[in-house]
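# Examination of the molecular architecture
Here is how the chains run, residue by residue.
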Protein chains: 2
Amino acid sequence: MREFWSSRVRSLTPYTPGEQPKDRKFIKLNTNENPYPPSPAVTRAIQAAAGEPLRLYPDPEGSALRRTLAGLYGLGEDQVFVGNGSDEVLAMCFQAFFEPGRTVLFPDVTYSFYPVYAGLYGLDWREVPLDEDFGLRVADYLGSEGGVVIANPNAPTGRALPLSDIRALAQGNPNCVVLVDEAYVDFGGESAVELVNQYPNLVVVQTMSKSRSLAGLRVGFALADANLIAALDTVKNSFNSYTLDRLALAGGQAALEDTDYFRQTTDRIIATRDRTARRLEALGFAVCDSRANFLFISHPEAPAKTLMDGLRQRGILVRWWDKPRIANHLRVSVGTDEDMDALCRALEELIG
Amino acid sequence: MREFWSSRVRSLTPYTPGEQPKDRKFIKLNTNENPYPPSPAVTRAIQAAAGEPLRLYPDPEGSALRRTLAGLYGLGEDQVFVGNGSDEVLAMCFQAFFEPGRTVLFPDVTYSFYPVYAGLYGLDWREVPLDEDFGLRVADYLGSEGGVVIANPNAPTGRALPLSDIRALAQGNPNCVVLVDEAYVDFGGESAVELVNQYPNLVVVQTMSKSRSLAGLRVGFALADANLIAALDTVKNSFNSYTLDRLALAGGQAALEDTDYFRQTTDRIIATRDRTARRLEALGFAVCDSRANFLFISHPEAPAKTLMDGLRQRGILVRWWDKPRIANHLRVSVGTDEDMDALCRALEELIG
């Protein structure tokens, strides 16, 4: 009935996250989670922060976490913003930098939360078609007055742009913010972090959900010129003074500090991804060149929906969208080698 | 310089939370935190949820926590919304239920985040003056077309409205949502939860930050008709699928289940509050009748700002606002008996 709903909220179609099954044990390759646990240092940090200190509010600035990020990326603390997962950080970027009436550009095949954010803040947007191999033509995004949003590597394709393309986007859009969503960058993409000091209109957003194995803890961050970070702080402090709880602040920092563990686990995932891609190609799949922790695949004979259903029956969850251009594709997160063996065996059965 | 800031965000003046000192050890009576640690069951639940499970996203619906709240308050799970502290829940209420161009009403002396939320969502609002004793006249808030927001007990005064007044507000505003912020209700106020099934326009918001000793964990919730909860879900799912991390979901639920601990600690705080109020009156303070975990006080001779500065020098933090009507008042959170003894001794010195 929607009585009492504001007109804006009445018009929204929310984002649908991948299924989190509660009943049955699946091999979960549907939400790009990391198959490895977080660093043991995270658990120790959380245990130290739990108990009595929870009666006190967290640091509203998240200063210690910001300092750690600043050190890691060679930036000032005032060039770092932290939030409750990169979803929240992206939402706040849409609100802070984009203006109703000025069209924001993003690809037609990309993270499907972008149009939802645009709707939430009453923005106009245009989806720019990727080429037929899901490649992005930089020329399509130059001279925008409203804003540009690029996932790099892109989701759900996994394809990555070289740093030179991001530079061209930042340089070619002097009148608007270029938002680069690097949720998956740690699996082989080139980060634009090093351009942040050169382009006052560039915002890089990352998350600890994927490469740091902390989807369950909700820590994301933005790296940008201090002027843009101040806008994000203004939004955050007008919405919720304390978006990160004490355990997320402590756990996130511990994860960042354990760089050895981070390299080992991301290297393993990259190796598993590349091995799995070769096996899937041998099964006849077309596999997008992925720099992420997932593979975007399609088969010339077996419909994606049928494969998804068959995998589910065999205890494996993958992601499929009933959407133009990608309705015959599956996005498969990279699990352990054992997970991917099970996937390949199941697909072999389903195709064979 | 604010280049690239959206015009809305450029116009905002964010909320300023009370100080969280990092350097020195203070007796912290400035942010209404609970002086007692959370239930030991919370720590156990957090330790069980930390580690390997953090690699997986949390339940985006927060179903287990919602079910626990529903059971506790005699409502259906679809009448419960959970969020990242009641600040986030309140923000989402402003966005879900209020409409630009339709004036939202709240008192002139109340939680100072309300006008900030209104600014964030481009709403019009009017501050309705409380009477000279900071009492609320229900008649001033009837027949609104835009919305009514009431903190009950009110902050920073601590004064509470009887249930009959909340009923009159819900009944007298059939065309808009009446939002009752019960952040402090567990310290002796009358909750409007029992009216939720009767009034489809009534939203009750509570928090675990105060009475459950979990300011550091960020868990708040709203109780209302399922239609209003669906609007909040729509906002949340268009902003951030997972606003509560796994540890907050687990810890929040454990806190709710330990009702004995909850009653013991809130009873202690109420007893300390009432004893402290009598002592402060004996020192010549005017003390608002408080049903919250703080006291709102003023002295006929000693200026509030001078007292605040003097207390700080003596290692005690309290809250003071440089605002009309309340610039000669202090808000003092209720700590342990020892904390309040130290406060009273320091005030005696400062006044004597």
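Residues numbered from 1 in each chain as written. Chains lettered and ligands numbered in written order. Predicted model: local features only at pLDDT ≥ 70, side-chain atom pairs only at ≥ 80, totals over all residues.

Looking now at the overall build of chain A. When its secondary structure is counted, chain A shows eleven helices and twelve strands. Seen through its C-alpha atoms, chain A measures out along the principal axes to roughly 55 × 50 × 50 Å. Counting every position in chain A, which comprises 352 residues, the buried fraction comes to 57%. Pairs at least 24 apart in sequence give 72% of the contacts found in chain A among residues at least 6 apart. (Helix = DSSP H or I, 4+ residues; strand = E, 2+ residues; numbered from the N terminus. Buried ≥ 20, exposed ≤ 12 C-beta atoms within 10 Å, placed from the backbone. Contact = placed C-beta atoms within 7 Å.)

Our next topic: the interface of chain A and chain B. Listed by partner, the interface residues are 71 residues for chain A and 71 residues for chain B. Contributions of two or more residues to the side of chain A that touches chain B are made by helix H1 (7-10), helix H2 (40-49), helix H4 (85-97), helix H5 (114-120), helix H7 (226-237) and helix H8 (246-257) of chain A. Sort the elements by how many residues they give to the side of chain A that touches chain B and H4 of chain A lands first, with seven residues. In terms of residue class, the side of chain A that touches chain B is built from 37 nonpolar, 22 polar and twelve charged. (Nonpolar A, V, L, I, M, F, W, Y, C, P; charged D, E, K, R; others polar.)

At an RMSD of 0.0 Å, chain A and chain B line up after a rotation of 180° and a shift of 0.0 Å along the axis. Interpreted geometrically, this transformation is the action of a two-fold axis. Taking C-alpha positions as the reference, the residue of chain A nearest the rotation axis is Gln 47 of chain A, at 3.2 Å. Take the interface residues of chain A: 100% of them recur as interface residues in chain B, which is what a same-surface contact looks like. (Least-squares fit on C-alpha atoms with pLDDT ≥ 70 in both.)

Bringing the domain arrangement of chain A into the picture now. Residue and element names in this part refer to chain A. Domain boundaries assigned for chain A yield domain 1 (20-37 + 260-351) and domain 2 (40-257). Centre-to-centre, using C-alpha coordinates, domain 1 lies 25 Å away from domain 2. In this assembly, 22 residues from domain 1 lie in contact with 20 residues from domain 2. At the level of elements, helix H9 (259-282) and strand S10 (294-298) are the ones that each hand at least two residues to the side of domain 1 that touches domain 2. In terms of residues, the side of domain 1 that touches domain 2 owes the most to one element, H9, which gives five residues. Tallied by class, residues from the side of domain 1 that touches domain 2 come to eleven nonpolar, six polar and five charged. (Domains from an automatic or database assignment.)

Position of Glu 190 of chain B among the secondary structure elements: in the loop between strand S6 (178-181) and strand S7 (202-207). Setting aside its immediate chain neighbours within four residues, Glu 190 of chain B contacts Ala 160, Pro 162 and Leu 163 of chain B.

All names here are of chain A. Packing of H9 against helix H11 (residues 337-351) brings their axes to within 10 Å, and their N-to-C directions diverge by 10°. As far as their axial angle goes, H11 and H9 are roughly parallel. Between H9 and H11 lies a crossing whose hand is right-handed. Across the interface between the two elements, Thr 272, Thr 276, Arg 279 and Leu 280 of H9 pack against Asp 337, Met 340 and Cys 344 of H11. Split by residue class, the contact of H9 with H11 holds three nonpolar, two polar and two charged. (Axes fitted to C-alpha atoms, helices over the stretch in contact; angles between N-to-C directions. Parallel < 35°, antiparallel > 145°, perpendicular 65-115°, else oblique. Left-handed = near helix turned anticlockwise from the far one by under 90°.)

Take the sheet that holds strand S12 (residues 330-333) of chain B next. Residue and element names in this part refer to chain B. Strand order across the open sheet formed by three strands is S9-S10-S12, with antiparallel pairing between neighbours. The sheet is open, and its two borders are formed by strand S9 (286-287) and S12, each paired with just one other strand. Pairing between S9 and strand S10 (residues 294-298): two bridges, direction antiparallel. Counted as the bridge partner of Ala 286 is Ser 298 from S10. (Pairing = 2+ DSSP bridges.)

With that out of the way, let us pick up the sheet that holds strand S12 (residues 330-333) of chain A. All names here are of chain A. With respect to topology, three strands assemble into an open sheet ordered S9-S10-S12, the strand pairing being antiparallel. Of all strands in the sheet, those with a lone pairing partner are strand S9 (286-287) and S12, marking the two edges. Along the sheet, H9 contacts S9 and S10; its crossing angle with S10, the most-contacted strand, is approximately 10°.

Our next topic: H8 of chain A. Given a rise of 1.5 Å per residue, twelve residues ought to cover 16 Å, and the 17 Å separating the end C-alpha atoms of H8 of chain A matches this to within 8%. Of all twelve residues in H8 of chain A, eleven are buried; the element is thus mostly enclosed. Every buried residue of H8 of chain A is listed here: Arg 246, Leu 247, Ala 248, Leu 249, Ala 250, Gly 251, Gly 252, Gln 253, Ala 254, Ala 255 and Leu 256 of chain A. Residues of H8 of chain A that are buried sit in contact with H2 and helix H3 (63-73) of chain A together with helix H2 (40-49) and helix H8 (246-257) of chain B. (Expected span 1.5 Å × (residues − 1).)

The next point concerns the confidence of the model for chain A. The predicted model of chain A averages 97 in pLDDT, with 100% of residues at 70 or higher. Among the scores for the predicted complex, ipTM is 0.97 and pTM is 0.97. (pLDDT = per-residue confidence, 0-100.)

In this model, Ala 155 of chain A is joined to Pro 156 of chain A through a cis peptide bond whose omega is 5°. A positive phi angle, near 75°, is found at Phe 4 of chain A, a position not held by glycine. Here Phe 4 of chain A is to be found in the segment before H1. On the basis of neighbour count, Phe 4 of chain A is assigned to the buried category, with 23 C-beta atoms found within 10 Å. Here Ser 213 of chain B, not a glycine, exhibits a phi torsion of approximately 60°, which is positive. Its place among the elements puts Ser 213 of chain B in the loop between S7 and strand S8 (220-224).

The next subject is the packing of H2 of chain A against H8 of chain A. Residues and elements named next belong to chain A. Contact geometry of H2 with H8 gives a least axis separation of 8 Å together with a crossing angle of 150°. The pairing of H2 with H8 is recorded here as roughly antiparallel in orientation. In this structure, the crossing between H2 and H8 has a hand that is right-handed. Facing H2, whose interface residues are Ala 41, Val 42, Arg 44, Ala 45, Ile 46, Ala 48 and Ala 49, H8 presents Arg 246, Leu 247, Ala 250, Gly 251, Gln 253, Ala 254, Ala 255 and Glu 257. Looking at the contact of H2 with H8 residue by residue, the classes come out as ten nonpolar, two polar and three charged.

Right, let's talk about the pairing of strand S6 (residues 178-181) of chain A for a bit. Residues and elements named next belong to chain A. Residue alternation in S6 divides its side chains into two sets, Val 178 and Val 180 and Leu 179 and Asp 181, and both sets are buried. Strand direction decides the pairing type here: strand S5 (residues 148-151) and S6, joined by four bridges, are parallel. Bridged to Ile 150 within S6 is Val 180. Bridge analysis of S6 against strand S7 (residues 202-207) gives four bridges, and the strand direction is parallel. Looking at the pairing, Asp 181 lines up with Val 205 of S7.

All names here are of chain A. Counting buried positions along strand S8 (residues 220-224) gives five out of five residues, so the element sits mostly inside the fold. Side chains Gly 220, Ala 222 and Ala 224 project from S8 onto one buried face, and the interleaved Phe 221 and Leu 223 project onto a second face that is buried too. Pairing of strand S2 (residues 80-83) with S8 involves four bridges; the strand directions are antiparallel. Considered in S8, the bridge of Phe 81 is made with Ala 222.

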